[in-house]
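Chains, contacts and geometry: an overview
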Amino acid sequence: MSTKVSDHILERLRAWGVEQVFGYPGDGINGLLAAWGRAENRPRFVQSRHEEMSAFEAVGYAKFSGRIGVCAATSGPGAIHLLNGLYDAKLDHVPVLAIVGQTNRTAMGGSYQQEVDLHTLYKDVASEFVETVTVPEQLPNVLDRAIRTAYARRCPTALIIPGDVQELDYSPPTHAFKMVPSSLGMSEFTATPTDEALRRAAEVLNAGEKVAVLVGQGAAGAVAEVREVAELLGAGVAKALLGKDVLSDELPYVTGPIGLLGSRPSYELMRDCDTLLTIGSSFPYTQFMPEFGKARGVQIDIDAHMIGMRYPYEVNLIGDAQATLRRLIPLLKAEGRSRKWYDAVCANVKRWHATMERRAAVAADPINPEYVARALDPLLPDDAILTSDSGSVANWYARHITMRPGMRGSLSGTLATMGPGVPYAIGAKFAHPDRPVFALVGDGAMQMNGLAEMITAAKYRDLWSDPRLVVAVWNNQDLNQVTWEMRAMEGAPSFLPSQSIPDVQYAAFARSLGLTGIRVEKPEDVEAAWRAGLEADGPAVLEFLTDPAVPPIPPHASWEQMEATAASILKGDADRGSVIKQGLKAKVQEFLPGRAKQ
C-alpha cells in the first residue's frame, strides 16, 4: 500500500516525539483520521468535546511538559473554534502546532460548504508561521518548519491541509530546482549578552540599596540562580502569575504575586525599591511597577522582541535567564549591604501570610471562598500541578496557594480567557500521568465548558497512572470578578441580568459520569471534601457553595483595609459592595485612571 500524505504527517509527528494530538473529528480531516487508523492511533488522538478545548489542552500540555502541544480540527467551524486557545498560546508564549483541514482544492473559490479563508484567518494568531499544503512535495519541510518555529519563537504555528491533499500519494521533494528538502530535529541553544552589557547591569544592581526582583515564566529554568541573586543583593522577589511556580513561596523574601491580583508586600516592594531587576517576564501593568525615575532598572529576556517594554530599563540583557544570571552573579557584590531593606521585606511577607489566614477565617454565607483555597494549601502533595481559571478564583489561587519546590501551576496569564482551567488540567495529566492535578475554577467557567470536558476526563481516566484529577468549583451563582470590577471601577452595583447565573448541580453531574462528586454547603466540611478528592480513585468534582460578597481586595488597599473589608462587607450591609465602592474606589482610580473614567 502506498504512503499517503496523511500517513507521512503522522509518521513525521512521531519522529518529532509527538505522543498525542488533541482534536475533534470532522470530514475536513477524514484523510488524517483514516491514517490514524492505519497507524494504530500513534500519536494518540485525544478527543475533546469541542475544538476550543483541544487547543486549551494542547496549551496545558505544552506549559507543563515543555514540549510542543499539537491540536487538530476540521475545516471551517472546527478551525475557527481553535482560535481562542491558539491566542492563549500566542499571548503566553507557548509552542503549539495546529493542523487543520480545508475543502478540496477543486472547490476553493466556489463558496463551497465550510469554505473559509483559513490562511487569512490564521495569519494573526499564527503570525510566525502558517502555510497551506497544496502538493505532497511541500512536506516534510513545512511541518518541520512549523514545529521548529513553534519551539524557537515559543508561539503557535499552523498547517492547513486540503482534504484531497491528505489522500494523495506521498512523494518527497527531489534534488531539483524549486524543491525544499528538510531534516529532523534542532539542537538546544543558549543566548547570552556581551561582557560589556553584563558589566553595565552589574553596576546598576550593585549601586542599589533597595533591590526588587520580578520573575516570570521565563525564569523557570533559573531557580537556583534567581535565589542566589536575590540573596546576594538582599532583594525581595515578586512573581508575575505565570511565574508563580518559579520560586518557592516558603522563602522569606518572596513577596508573592504582583498586579491587581497580587499581594500587599509585592505592591510595597515595587513602590519603595530603588532598583528593579526583571527576569523572564513581560508583566504588562506599568501602574504596579516603580514610579518612573524613582528606580533604576535591568531586564533579562531571551526575546529581543519583548524586551525594553513596561518600564524604562537602563540595561536590557538579551539572553537565556539561567546562562545570563550565571555570568552576572560573579560581578555582583554582597558586602557592605544594609539588612534593613531585606528585613522589612521579610516582615511584610510574614504579615501578609498572617493577614491572609485571618481573612480566610472570616465567617461567610455559606462559605468564605478564601477559606476553600486556604484549606487546600497544606494538603497539596509536593508534586501537585495546579491550574486556575480566570475570574475571582484566580485571586484565591494567587494569594492562598503556597508554591513549594516541585509544584507546578499556571493559568491564562495574558489573554485571561475564561474556560482553560479544566482542559489545562487534562493536558497536564497527559503530560504527567503520574502526578496529581488540581483545577480551580469558578462556576461561570465550569458552565461555559468545564462540565462538558469532565466527559473527556472520564473517557481517558484509565490512561493515567495517578488517577487524581480534582476539579474544585467555587459555586456562588455570580460572575464574581466582573461584579467586583463593576463595583470598584464603575461605582455601580451588580447588574443581575448579566451577572447572576444558575445554581447547577456540578457534583451530581460528575456522579452521573461515574466520577466522584461532592457538594459542600458548610465550612466545617471543606477540609474533608479536599481529603476525599485526594483519596478518590479517579477524577473528582468538589463543589463548594461560596459567598459572592467576599471581595478580592486590590493590593494597594492598606493593611487595615485588607484586614477589615471582608468582615465589614459580611456584616449584612444594605449594599454589600458599599465598602468597596466608598473605601477603595479612590485607590483604584489612582492606579487605573483611564478605566475609572470610562
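In case you missed it, the structure is sitting above this.
Report follows, based on the coordinates. (Residues numbered from 1 in each chain as written. Predicted model: local features only at pLDDT ≥ 70, side-chain atom pairs only at ≥ 80, totals over all residues. Heavy atoms only, no water.)

1. Let's talk about the nonpolar core
To keep things clear, this is the line we draw: For this analysis, a nonpolar core means a set of buried residues of the types Ala, Val, Leu, Ile, Met, Phe, Trp, Tyr and Cys, connected via side-chain atoms within 4.5 Å. Think of it in three bands: residues with accessible area under 20% of the maximum for their type are buried, residues over 50% are exposed, and the middle band is partly exposed, with areas taken using a 1.4 Å probe on protein chains only. Put simply, DSSP H or I for four residues or longer makes a helix, DSSP E for two residues or longer makes a strand, and each gets a number counted from the N terminus. Note on contacts: a residue pair is in contact if any heavy atoms of the two residues lie within 4.5 Å.
Leu82, Tyr122, Met446 and Val471 are the most contacted members of the largest nonpolar core, which has 53 residues in total. The greatest single-element share of this core, amounting to eight residues, is contributed by helix H3 (residues 51–65). With residues up to four places along the chain from it excluded, the contact list for Met446 reads Val422, Val441, Leu451, Met454, Val471, Val473, Tyr506 and Val541. Membership of the second largest hydrophobic core comes to 35 residues, among which are Leu198, Ala201, Ala235 and Ile300.

2. Here we look at the pattern of salt bridges
Two side chains of opposite charge can pair, provided their charged atoms sit close to one another. For clarity, the cut-off: The term salt bridge refers to a pairing of a side-chain nitrogen on Lys or Arg with a carboxyl oxygen on Asp or Glu at a separation within 4 Å.
Considering all chains together, one arrives at 29 salt bridges under this definition. Of the charged contacts, one joins Asp537 and Arg461 as a salt bridge, the two residues approaching to 3.8 Å between their closest N and O atoms. Here Arg461 lies in the loop between helix H17 (443–460) and strand S16 (469–475) and Asp537 lies in the loop between helix H21 (526–535) and strand S18 (540–545), a separation of 76 residues in the sequence. Taking the relative accessible area as the measure of exposure, Arg461 reaches 21% and is therefore partly exposed. One salt bridge connects Glu527 with Arg531, and the closest N-O pair in it is separated by 2.9 Å.

3. Concerning the packing of aromatic side chains
Two measures describe an aromatic ring pair: the distance that separates the ring centres and the angle between the ring planes. Basically, it comes down to this: Note on aromatic pairs: the rings of Phe, Tyr and Trp (six-membered ring only in Trp) are paired at centre separations within 6.5 Å, and the planes decide the class, stacked below 30 degrees, edge-to-face beyond 60, tilted for the rest. Criterion for a charge above a ring: Lys NZ or Arg CZ within 6 Å of the ring centre, and within 35 degrees of the ring normal.
The final tally for this structure, using the stated rule, is 13 aromatic pairs. When the ring of Phe56 is compared with that of Tyr424, the centres are 6.4 Å apart and the planes differ by 80°; the resulting orientation is edge-to-face. Here the residue Phe56 occupies a position in helix H3, and Tyr424 occupies one in helix H16 (residues 421–431), the gap between them amounting to 368 residues. Across this residue pair, the class does not change: Phe56 and Tyr424 are buried. Centre to centre, the rings of Phe430 and Tyr460 are 5.6 Å apart; their planes meet at 70°, and the pair counts as edge-to-face. Placement of the pair is Phe430 in helix H16 and Tyr460 in helix H17, with a sequence separation of 30 residues. Relative accessible area serves as the criterion here: at 6%, Phe430 is assigned to the buried category. In textbook terms, an aromatic cluster arises when at least three aromatic residues are bridged by ring pairs, as seen for Phe22, Tyr61, Phe430, Tyr460 and Trp464. Against the face of Tyr397 rests Lys244, its NZ or CZ located 5.4 Å from the ring centre.

4. As for the packing of helix H13 (residues 340–360) against helix H14 (residues 369–376)
Note the threshold: Fitting a line to C-alpha atoms yields each axis, with helices limited to the stretch in contact; the angle taken between N-to-C directions then spans 0 to 180 degrees. Any angle that is under 35 degrees is reported as roughly parallel, and any over 145 degrees as roughly antiparallel; angles of 65 to 115 degrees are reported as roughly perpendicular and all others as oblique. The nonpolar class holds Ala, Val, Leu, Ile, Met, Phe, Trp, Tyr, Cys and Pro. Asp, Glu, Lys and Arg form the charged class, and all remaining residues, Gly among them, are polar.
Between H13 and H14, whose axes approach to 8 Å, the crossing angle comes to 120°. Between H13 and H14, the angle is such that the two are oblique. From H13, His353, Met356, Glu357, Arg359 and Ala360 reach across to H14, where they touch Glu370, Tyr371 and Arg374. Of the residues assigned to the contact of H13 with H14, the class counts are three nonpolar, one polar and four charged.

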